[in-house]
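Chain by chain, the residues run as shown.
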Amino acid sequence: MATTDEQERRRRGLTAWRGSKVLARTSADRTVGERLSALAADASSVHDPDDWTDVYGGGVVADLERRVAGLLGMEAAAFFPTGTMAQQVALRCWAGRTGDATVALHPLSHPELHENGALGAVSGLRTVRPTSEPRLPDADEVRGFPEPFGTLMLELPLRDAGFVLPSWEELTAVVEAARERDAVVHLDGARLWECGPHFGREPAEIAALADSVYVSFYKSLDGLSGAALAGPETLVEEARVWRHRYGGQVFQQFPTALSALLGLERELPRLPSYVAHAKVVAGALAEGLAAAGTPWFRVRPEPPHTHQFQVWLPYGAEALDEASVRQAEETGVALFRRWYPGAAGTGLPPGISFTEVTVAADGLEWTARDVREAVAGFVRCLGQLVR
């Protein structure tokens with residue numbers, strides 16, 4: 001539970017962020033009233049408001065499932081309240097079908113870092129790691145891995161390594177290597193929607209490499225929450241059974257489904273422009289940090305593979321957070337939001353902190369000069385704290 005000081009810091013940060021020029025602003029930054037009003041005003045553009053609400057599925061939820069299956073070129077899709085549940089169910093179903101409960105994945109993947117060991121504790125699955133490099137495994141690592149596994153899970157992009165992606169040729173080669181081992185391929189596509197520009201492919205062509213794929217509705221599409229699992233119809237039907245067993249058979253989900261449809265309608269077509277401009281922002285960030293005399297920094301990857309990337313600096317996260325808030329309060333510009341300390345599991349050594357930068361609609365208004373000036377302002381605020 002957050003302490004009073006932590007709650008106050010969060011309120012201070014949100015207040016500063018809401019009133020500032022930012023690179024990306026999400027609906028999660030709005031008040032409850034603002035979010036409800038926006039959803040009510042926009043929902044009729046994606047679904048008939050006179051339709052009956054969903055009850056344990058159907059209605060707008062079924063419309064969303066059909067839309068996602070079509071976009072991903074899959075036979076069927078099932079809506080899930082969380083991506084964690086969707087992915088656990090998918091991997092559990094594949095373990096039953098292959099007869100092998102071992103999943104090959106990256107040590108920085110979401111199930112390994114952010115799910116409290118749920119694959120083993122809840123689903124009885126075992127994980128192995130073909131590589132520990134800050135990238136997805138390559139074909140030789142998959143082909144030559146000494147232990148058998150039934151499923152290869154690939155997170156696209158690999159968020160905790162810096163939102164990194166392989167090349168299209170590398171991705172197809174690693175999938176082929178898995179096939180040679182008679183393993184199925186599952187894509188953790190929480191952020192699959194923005195991978196197209198890097199690969200030069202539409203979502204359906206990327207998804208076609210795999211046996212199943214999970215996608216999120218809030219990470220890039222700005223939905224309320226929720227996810228979908230897409231794949232063969234028989235797998236999806238089995239997944240619906242396990243969804244019920246896992247407690248995911250929710251009575252009504254129409255607000256979440258409506259917000260997801262709005263994201264597919266409005267944000268999905270804009271993602272390529274965000275990805276393109278993220279390269280401009282990242283380059284200007286690096287130029288600004290170098291010009292400000294920062295002793296050491298890293299932008300990873302440079303250029304970004306999606307509309308998100310990391311920035312590393314050799315200072316404590318607390319000082320960097322305070323500098324970020326001060327800049328917003330004093331100048332009305334919020335370049336960075338939250339910093340994290342490097343430690344075991346992050347891939348960064350102690351003493352190095354990192355932040356995740358997202359470029360979305362608001363960021364399209366920033367020029368390279370705007371970014372460089374904002375970097376100079378941030379470094380000045382930081383200098384007042386770390387002298």
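Residues numbered from 1 in each chain as written. Predicted model: local features only at pLDDT ≥ 70, side-chain atom pairs only at ≥ 80, totals over all residues. Heavy atoms only, no water.

- Under an unreviewed UniProt entry, the name given to the protein chain is Threonine aldolase, and the source organism is Streptomyces californicus.
- What UniProt records for the protein chain under Cofactor (unreviewed entry) is the sentence "pyridoxal 5'-phosphate".
- The record in UniProt for the protein chain states the following under Sequence similarities (unreviewed entry): "Belongs to the threonine aldolase family." (UniProt positions renumbered as here; feature names shortened; annotations may be inferred.)

1. Considering the overall build of the protein chain
So, point 1. What the protein chain contains, in helices and strands, is 15 helices and 13 strands.
So, point 2. Projecting the C-alpha coordinates of the protein chain onto the three principal axes gives extents of approximately 60 × 55 × 40 Å.
So, point 3. Counting the 387 residues in the protein chain, one finds 51% classified as buried.
So, point 4. Once local pairs closer than 6 in sequence are excluded, the contacts in the protein chain between residues at least 24 apart make up 73%.
So, point 5. Distance between charge centroids for the protein chain: 5 Å, based on 38 positive and 51 negative side chains. (Helix = DSSP H or I, 4+ residues; strand = E, 2+ residues; numbered from the N terminus. Buried < 20%, exposed > 50% of the residue type's maximum accessible area, 1.4 Å probe, protein only. Contact = heavy atoms within 4.5 Å. Lys, Arg positive; Asp, Glu negative; His and termini not counted. Charge placed at Lys NZ, Arg CZ, Asp CG, Glu CD.)

2. Let's talk about the environment of S225
So, point 1. Along the chain, S225 turns up in the loop between β7 (212-216) and β8 (227-231).
So, point 2. Apart from residues no more than four positions distant in its own chain, S225 is found in contact with P81, F217, Y218 and T256.

3. Considering the UniProt feature "domain: Aromatic amino acid beta-eliminating lyase/threonine aldolase" (unreviewed entry) in the protein chain
So, point 1. In the numbering used here, UniProt assigns the feature "domain: Aromatic amino acid beta-eliminating lyase/threonine aldolase" (unreviewed entry) to residues 54-286.
So, point 2. In residues 54-286, helix accounts for 46% and strand for 14%; the two terminal C-alpha atoms are 49 Å from one another.

4. A short note on helix α11 (residues 233-245)
So, point 1. Taking 1.5 Å of rise per residue, 13 residues should cover 18 Å, and α11 covers 19 Å from first to last C-alpha, within 8% of that figure.
So, point 2. Residues of α11 that are buried: L235, V236, A239, W242 and R243. Down the axis of α11, the smallest arc covering the buried residues is 115°, so these residues share one side. When the buried face of α11 is taken as reference, the exposed residues oriented beyond 90 degrees from it are T234, H244 and R245.
So, point 3. After α11 finishes, the residue G247 shows a positive phi value of roughly 90°. (Expected span 1.5 Å × (residues − 1). Arc of directions from axis to C-beta.)

5. Side note on the sheet that holds strand β6 (residues 184-189)
So, point 1. Here seven strands make up an open sheet; going across it, the order is β2-β8-β7-β6-β5-β3-β4 and the pairing mixed. The two strands at the open ends of the sheet, each matched to only one other strand, are β2 (76-80) and β4 (126-128). Averaged over all neighbouring strand pairs, the angle between strand axes comes to 25°, with direction disregarded.
So, point 2. Here β6 runs beside β7; their pairing, made up of four bridges, is parallel. Across the sheet, the residue bridging to L187 is V213, located in β7.
So, point 3. Relative to the sheet, helix α3 (residues 59-72) contacts β2, β7 and β8, its axis offset from that of β2 by approximately 130°.
So, point 4. Of the strands in this sheet, β2, β3 (102-104), β5 (151-155), β6, β7 and β8 are in contact with helix α4 (residues 83-98), which crosses β6 at around 180°. (Pairing = 2+ DSSP bridges. Axes fitted to C-alpha atoms, helices over the stretch in contact; angles between N-to-C directions.)

6. Digging into the nonpolar core
So, point 1. By size, the foremost hydrophobic cluster in this structure holds 60 residues, and its most contacted members are L64, V68, L72, L154, L156 and V213.
So, point 2. Counting 29 residues, the second-largest nonpolar core is a separate cluster that includes V281, A286, V333 and C381. (Core = buried A, V, L, I, M, F, W, Y, C linked by side-chain atoms within 4.5 Å.)

7. Some words on a nonpolar patch on the surface
So, point 1. A surface patch of nonpolar side chains, amounting to about 310 Å² of accessible area, comprises V55, Y56 and F251.
So, point 2. With respect to the element layout, V55 can be found in the loop between α2 (32-42) and α3. (Patch = residues over 30% accessible without salt bridge, like charges linked within 9 Å, V, L, I, M, F, W, Y side chains within 5 Å. Areas by Shrake-Rupley, 256 points an atom, 1.4 Å probe, with all protein chains shown as cover. Salt bridge = Lys/Arg side-chain N within 4 Å of Asp/Glu carboxyl O.)

8. Overview of the packing of aromatic side chains
So, point 1. With the rule as written, the count across this model stands at ten aromatic pairs.
So, point 2. Measuring from centroid to centroid gives 5.3 Å for Y56 and F251, while their planes differ by 65°, and the two rings are edge-to-face. Linking Y56 in the loop between α2 and α3 with F251 in the loop between α11 and α12 (254-266), this pair joins segments that are 195 residues apart in sequence.
So, point 3. When its relative accessible area of 47% is taken as the criterion, F251 is described as partly exposed.
So, point 4. Three or more aromatic residues joined by ring pairs form one cluster here, namely F336, W339 and F378.
So, point 5. Note that R243 overlies the ring of F80, its terminal NZ or CZ placed 5.7 Å from the centroid.
So, point 6. A cation sits over an aromatic face here: R337 above W17, 4.4 Å from the ring centre. (Phe/Tyr/Trp six-rings, centres within 6.5 Å; stacked < 30°, edge-to-face > 60°. Lys NZ or Arg CZ within 6 Å of the ring centre and 35° of its normal.)

9. Points about the sheet that holds strand β9 (residues 298-300)
So, point 1. Judged by pairing direction, the sheet is antiparallel, and its four strands sit side by side in the order β9-β10-β13-β12 without closing on themselves. Where the open sheet ends on each side, the last strands, each with one partner, are β9 and β12 (339-341). Between one strand axis and the next, the sheet turns by 25° as a mean value, whatever way the strands run.
So, point 2. Direction of pairing for strand β10 (residues 308-313) relative to strand β13 (residues 353-358): antiparallel, over a ladder of six bridges. Bridge pairing links F309 to V357 in β13.
So, point 3. Most of the contacts of helix α14 (residues 317-331) go to β12, to which it runs at about 175°, and overall it touches β10, β12 and β13.

10. Quick look at unusual backbone geometry
So, point 1. Of note, the bond from R300 into P301 is cis; its omega dihedral lies within 30 degrees of zero at -10°.
So, point 2. For P301, the position within the fold is in the loop between β9 and β10.
So, point 3. Looking along the chain, the bond that leaves E302 and enters P303 is cis, with omega of 0°.
So, point 4. The residue P303 is located in the loop between β9 and β10 in this model.
So, point 5. Unlike most non-glycine residues, N116 shows phi in positive territory, near 55°.
So, point 6. Position of N116 relative to the elements: it lies in the loop between α5 (110-113) and α6 (118-121).
So, point 7. Residue classification places N116 among the exposed positions, given a relative accessible area of 82%.
So, point 8. At F163, a residue that is not glycine, the phi angle is positive and equals roughly 60°.
So, point 9. Looking at where F163 falls in the secondary structure, it is placed in the loop between β5 and α8 (168-180).

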